[in-house]
Every structure is written in structure tokens, then in C-alpha cells.
Amino acid sequence: MIEFDSEEQRMVLKVVYYGPALSGKTTNLLRLHDLLAKEGRGELTVLDTKDDRTIYFDLLPFFLVAPSGLKIKVKVYTVPGQVQHDATRKAVLQRADGVAFIADSRRTEAKNNAESFGNLERNLSIVGIDIDKLPLVIQYNKRDLPGIIPEEEIRRAWGPTGFPVILSSALEGWGVVETFRAVAERTYDVLDRRHDFAGKHGLTRESFAGRLVRRAG
Amino acid sequence: MPTDNEDRDRIVYCIGEERALRDVLPASEAATLLAAASRAGLRGVRVVDPGGKALWGNGDDVPPPGEGDPRRPILLEGEPAGSVVLPAGAAGGETRDALLALLADTLTAMAHNNLKRMLTTETHTEVINRSYEELLETNRSLSESEQRYRELAGSLEIKVRERTEELSRAMARLVQQEKMASVGQLAAGVAHEINNPLAFVTSNLQTLKKYTERFLDIIARYQRVFEQGGVAQQDRDDLRMHRESLRVDAISEDAGDLLRQTLEGAERVRKIVADLKGFSHVDEEGEAPTDMNREIDRTLSVMTHEIPGGAAIVREFSPLPVIPCLPGAFNQMFLGLLRNAFQARREGLRVTIRTGVSGDRIRISLADNGPGIPADLRTRIFDPFFTTRDVGKGKGLGLTVAYDIVTAHGGTIDVEDTPGGGATFLVQLPIRRGSHDQIR
């Protein structure tokens, strides 16, 4: 149980990387860990895996302090993609503030993507989160592989939903930071409306996202 | 952490609970490390929380940590969760700084690893609990569903019983209708039979009326001649001629035949009416001692018009004991069986009715030389509504009614092949019945 105490001026945010099995959720976090500056970033915690497949979840925490002194911790989680770990997915998804859906760009994975997104919608509803109010970003990963769905087809499919779509190759390290930044910005927008980050805490959208995605080196 | 309710300041976070350094780093583990550091030369080392409050220390003679003391942060999830602090005056230079860094990094690594272990346990427990709760929920909804099905099954039985009663009432109504239709058909036939003799009786009477006029005419003339006194030759001739012109002799002869025929017709009508009364047993109430041979005859006599032309009806009757029953019902049964036989073929029909006694039973067989009944239909011909006739031609209740009457009387009715082709219906009736048996 987290205590959010106005006296302590602490806030903990949760961003969840959701998606089908082997779509590259853990690789996204590994890349973020490598690409982002050590300052304000915690260590990547990879909980038990089996054959390189996540059983529980991975966790990459970030920490920043707003000019007002508000301490903000952003915990980025992955969920296990395999169908049988639905209970874990629900547990991790609970109380999420933002979600990045990591899809596999290969045409052969289209069905898995659709099933996983359906699972996300269902689980969000089970844990009491309104998908229409949730900051949600779609990442089409594995753009480096052959047999992928063309970009225009993806944009045509997702355009009507209004969710931002980002293309990436987590393996090659591109599109990863952009995805994190996009989900951070959208999460900020929701929080700002509720808690007046800019007015009360002197934390702008730019400074919030900028400090989370500070590049290493 | 945003919530749906902004007034709420405590948030239940099912996984990844926020922890202080003290929660993830037990005093025993920290103390061992601090003691080792102390032995390595870092005397008076302290670990403090972010608020500067001392958590653990080694070396009692060291004063409490101050602002300017050398220190290194211990990070937990990237957040400074505490610091390793040395007294301001502690000597040692580079070695001291290196040891301080080593100590802080080691405590950070220990905290991280402990946190990871706790997260694993926490997730595992959460998932197990959640799965268990889901199983309980599934079990609860299964029990509810089972209960619903039980209730449904219960009400289904009641529904089936109600529907069965409804059907048997409808069946009884239909059987009654069939009986009425049968009687109606019979009435139509009888009406026809009565109409025929009645037609010639009427015609003959018309003729007789004209004849009578002539008789009256000649009588009137005789009357006049005799009243005038004496009969002259002329008059006698005149009378003869007139008599001849009226053909009085011939019509006198014909009048006798006419009257005889008319009487015969009237007799036939009388007999038909008597047969009909006998067949319907309208004058009798309840059961009466009945001779089945006589009832068969009665039925045949009212069915004369239904017998196909050229058909041979062979009666091979043996004397039968009278049995108490509702004779009207049995006539109804014979009517059904005979009608069935009359429909067996159009030409060359031969129906043999044989009666006799076998043991304590009366045997009545009714054999036709029609096409017979295929073996696979034998078990169905007594079923209600079963008929081989065209749609709209038969309700399939004639044999059902026959079956009901015989079984209600404690008898049996069977169908078998007639030697040489055709079907034979065999009715067996007990000569003495149990007192509780009743005929519908």
C-alpha cells in the first residue's frame, strides 16, 4: 500500500507496457535502461523469467522532484504476454496511469495483436479503468524484420481510434524513447488536469517528459 | 498517484508497494556490513534516512551526524532512500572515500536485491490469491447456475405434467368427435336408405290418388243411373264403354300391387328405424346382457349402404354366451372394424366374420382379403391419429376407439395376416369380467 500524503509530497505513477507474448516489452525496458541517463533512473528489475519469457513482470523505476518539492516516482512495468498469465496481467494493470501497447509488426502476428488488445480492453474494464480516459500509446515494434504490415495500413487501422502510433525497433533501439515520451506526455496531461502540475508544482509537460527521457552520455 | 476520488489520499497498490530503506534492509544485514566497514577503518559510520534520522550505526563514541559530514546516498528505485554518513573529522582520505562508496553501493545493491525478492513473493502471493478468488467466484456462479437449473428442471416437470393432462383432454375430445363423426356418417347413410323407399311410396301414393279419382267418377255415374230408376240397354252399354275408357279393370288390378309395394316400403323404413334403434341402443341405459352375434348383425344391417358392390359378407357364427356390456359401445367397435374391412379393396371383397368361444373368452375374428397390413405398421395402427389414408380423409381414430372399447372391457384386440392375403382382426373378450372394469 502506497501512502500518498500531501504532507510528504509524494506521488507514485504507474506505466504499463502491455502486448502479446514476445512482442518486445522487456526489450523496450532494457533499451530504455541503456539509452536513458542514470540520474533519476533506477535499476531495471527483471523478475523471474523462463526461456527469456517474462513470468511476473519487469520494473524500471524513475524518480524526479518537481520545483515545488513534489517527489514523483514513475514505475514502468511490463506484463507477461503469454495467455496463461492473465492473473498476473490483471494484478500489474491495476491502478495503471498510462499504458503502452507493444504490438508485433509482422503480418503473421496480427491475430495475436488483436487478441492481446482485446485482452487489454477486457482487463482494463475488470480492474475498473476507462480505456477512453486512459493515456494509451500504440507501438508497432520489430520494424527491422521482414514480412511486416506497411505503415500506411497501420495508420489507416488505428487512425480512427485517436491513439498515437509509434513505429520502432526495440532491438535496434529506435522508437523506444519516443514511445516512452509519448506515454509520459499523455499521462502528464491527465495528471495536470487533476493536480495542476504546472500551476501548483511548477512542472511543465516539457520538463516532466524531458527529465524522464534524459539521454545517457 | 491519481485516483478516481481526489479526496482520497491513501491508495491501495496491489503490486509494487512503496517501501522505505528500513523495510527492505533488515538491521541484522546492515549491522554486519557496518561492523565490517568499521573493522576496515571506517569508525563511527552511520546510516540515516532521508530526513537525517539515524537508522543504524557502528561505534558508540561517534557524535550524531551533522550537515557537513562526508556522505553517500543509498538509492532505492532511483530515489535516495538514505545515506551512509561518516563523522566530519574522520580521517583516511582516499581510502575512506573509496570505502564509503563501496559501503553505499553495497547497501544499494542489497536493498535492490531484497526489493526484487519481495516483489517476486508479493506478485506470487497476489496471483495465487487472485486465482483462488476467481476460482471461488467461478464456483459460486456455478453453484448458482446449478441451483437455477434444478429449479428449471422442477418447473419443467410440472409443465410436462400440465401439458400431458392438456393433451389427454384434447385427445379425449377428439375421440368423442370421432365417435360423433362416425354416428353422423351412419345417420347420413341411414337417411339415404330411408329416402329411397320413401320416394317410391310417395310416387305410388300419387298414382293411387289419380286412380281413386277415377273410381269416384265411375261410382258417381252408377249412382246417377240407378237413381233414375231402371237400367236401359243403352245405359248399360254406356256404362260399359265408360268403364272401358277409364281402364277401371286394369287399374283395379294395379292398385293392389301398388298398395302391396307401398306397404313393403313402409315395412323397410320401419325395419331400418328399428335397426338403428337397436344399433344405438337408445332405449337402454348402462350395461345390458348382450349377444355379440346379434350386435354384429345389427351393425351390418345399418351399414348396408357402405358395403361395396359385389362384396361377399360371410357370417360363420357360433352360439355365444351373453355378456354384460354397453352394447352401443361394441356396435361402435364393430362399425370401426367393418368400415376398415370395407375399405380394404374395391372389387372382389370378401369379409369373413367368425365367432366362437375359446376357454373363458369370446373370440371374434374379422378377416378381409385386402392388401393386408405391413409388419412395420402393426404396432402403430391402434395409435391415435395414425392413418394410411390421404391427408384429410381419415383422422386415424377409428381403430383407436375400437382398441379403447375392447381394452376397457378387459379384452384384447390384435391384427394378423389372413391366410391367402389380407388382414384379420381378432377380438377376444372375457366372458366374466372383474367388477371394477368399466367401459367408456
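Worth saying up front: this structure is predicted, and the values here are computed from it rather than measured. (Residues numbered from 1 in each chain as written. Chains lettered and ligands numbered in written order. Predicted model: local features only at pLDDT ≥ 70, side-chain atom pairs only at ≥ 80, totals over all residues. Heavy atoms only, no water.)

When helices and strands are counted, chain B shows eight helices and 12 strands. Relative to its 440 residues, chain B shows a buried fraction of 37%. Across chain B, every contact between residues at least 6 apart in sequence was considered, and the portion connecting residues at least 24 apart equals 70%. Counting every atom, chain B has about 25,700 Å² of accessible surface; 53% of that belongs to carbon and sulfur. (Helix = DSSP H or I, 4+ residues; strand = E, 2+ residues; numbered from the N terminus. Buried < 20%, exposed > 50% of the residue type's maximum accessible area, 1.4 Å probe, protein only. Contact = heavy atoms within 4.5 Å. Areas by Shrake-Rupley, 256 points an atom, 1.4 Å probe, with all protein chains shown as cover.)

For any two aromatic rings, the description comes down to two numbers: the centre-to-centre distance and the angle of the planes. Residue and element names in this part refer to chain A. On inspection of all chains with the given rule, the structure shows eight aromatic pairs over all chains. Look at Phe117 and Trp158: their rings are 5.0 Å apart centre to centre, the planes differ by 75 degrees, and that puts the pair in the edge-to-face class. With Phe117 in helix H3 (residues 110–126) and Trp158 in helix H4 (residues 151–158), this residue pair connects regions lying 41 residues apart in the sequence. Here Phe117 matches Trp158 in class, with each residue buried. Aromatic rings pair up to connect Phe101, Phe117, Trp158 and Phe163 into one cluster. The ring of Tyr77 has Lys14 lying over it, and the distance from NZ or CZ to the ring centre is 5.2 Å. (Phe/Tyr/Trp six-rings, centres within 6.5 Å; stacked < 30°, edge-to-face > 60°. Lys NZ or Arg CZ within 6 Å of the ring centre and 35° of its normal.)

It is worth spelling out the confidence of the model for chain B at this point. Residue and element names in this part refer to chain B. Here chain B averages 81 in pLDDT, while 86% of its residues score no lower than 70. Per-element averaging of pLDDT across chain B places strand S1 (residues 10–11) at the bottom with 40 and strand S9 (residues 350–358) at the top with 94. In this model residues 1–12 is a low-confidence stretch, pLDDT under 50, and it forms 33 contacts with partners more than four residues away in sequence or in other chains. In the predicted assembly, ipTM is 0.85 and pTM is 0.57. (pLDDT = per-residue confidence, 0-100.)

Residue pairs spaced three or four apart in an α-helix point in one direction, given the helix's 3.6 residues per turn. Across its 20 residues, helix H5 (residues 176–195) of chain A extends 28 Å between first and last C-alpha, which sits within 8% of the 28 Å expected from 1.5 Å per residue. Downstream of H5(A) by a residue or two, A:Asp196 has a phi angle that is positive, lying close to 50 degrees. (Expected span 1.5 Å × (residues − 1).)

This part takes up the nonpolar core. Residue and element names in this part refer to chain B. Core analysis: the largest hydrophobic core is formed by 44 residues, its most contacted members being Met292, Met333, Leu337 and Leu429. Broken down by element, this core gets its largest block of residues, nine residues, from helix H7 (residues 327–342). Filtering out sequence-adjacent residues up to four positions away, Met292 remains in contact with Leu320, Ile323, Cys325, Phe330, Phe334, Ile364 and Leu429. (Core = buried A, V, L, I, M, F, W, Y, C linked by side-chain atoms within 4.5 Å.)

All names here are of chain A. Taken as a whole, helix H1 (residues 25–35) has its buried residues at Lys25, Asn28, Leu29, Leu32 and His33. On an axial view of H1, the arc spanned by its buried residues comes to 135 degrees, and they lie on one face. Buried residues belonging to H1 abut strand S2 (10–18), strand S6 (58–65), strand S7 (71–78), strand S8 (98–104), strand S9 (136–141) and H5. (Arc of directions from axis to C-beta.)

All right, on to the sheet that holds S9(A) then. All names here are of chain A. Taken in spatial order, the seven strands make up an open sheet running S3-S6-S7-S2-S8-S9-S10, and their pairing is mixed. Only two strands of the sheet have a single neighbouring strand rather than two, namely strand S3 (45–46) and strand S10 (165–167). Relative to S7, S6 runs antiparallel, the two being bridged by seven bridges. Bridge assignment links Val65 to a residue of S7, and that residue is Lys71. Relative to the sheet, H5 contacts S2, S6, S7, S8, S9 and S10, its axis offset from that of S9 by approximately 175 degrees. Each of S2, S6 and S7 is contacted by helix H7 (residues 205–212), which is oriented at about 130 degrees to S6, the strand it contacts most. (Pairing = 2+ DSSP bridges. Axes fitted to C-alpha atoms, helices over the stretch in contact; angles between N-to-C directions.)

On to the sheet that holds strand S10 (residues 361–368) of chain B, then. All names here are of chain B. A sheet is described by the order of its strands in space; here five strands give the open sequence S7-S9-S10-S12-S11, paired in mixed fashion. At either margin of the open sheet sits one strand with a lone partner, and together these are strand S7 (312–316) and strand S11 (412–417). If you compare each strand with its neighbour and ignore which way they point, the axes differ by 15 degrees on average. Taken together, the five bridges between S7 and S9 define a ladder with parallel strand orientation. In the sheet register, Ala312 faces S9, and the bridge partner there is Arg350. Packing against the sheet, helix H6 (residues 292–302) makes contact with S7, S9, S10 and strand S12 (423–430), and its axis sits at approximately 165 degrees to S9.

If you roll a probe as big as a water molecule over the atoms, it shows you where there is empty space left. Residue and element names in this part refer to chain A. For the structure shown, the criterion picks out four cavities of 30 Å³ or more. Of the voids in this model, the largest cavity is the one considered here, and its volume is about 60 Å³. Around the largest cavity sit Leu36, Ala37, Glu39, Gly40, Arg41, Phe62, Phe63, Leu64, Arg211, Leu212 and Arg214, which together line it. Put simply, the parts of the chain that give the lining of the largest cavity at least two residues each are S6 and H7. With three residues, the top contributor of residues to the lining of the largest cavity is S6. Classifying every residue of the lining of the largest cavity by side-chain character gives six nonpolar, one polar and four charged. (1 Å grid on protein atoms, 1.4 Å probe; cavity = no way out; pocket = protein on both sides within 12 Å on 5 of 7 lines; lining within 4 Å. Points joined across faces, edges and corners; volume = space filled by probe spheres on them. Nonpolar A, V, L, I, M, F, W, Y, C, P; charged D, E, K, R; others polar.)

This part takes up the environment of A:Thr54. Locating A:Thr54 in the fold gives a position in strand S5 (residues 53–54). Classification of A:Thr54 as buried rests on a relative accessible area of 11%.

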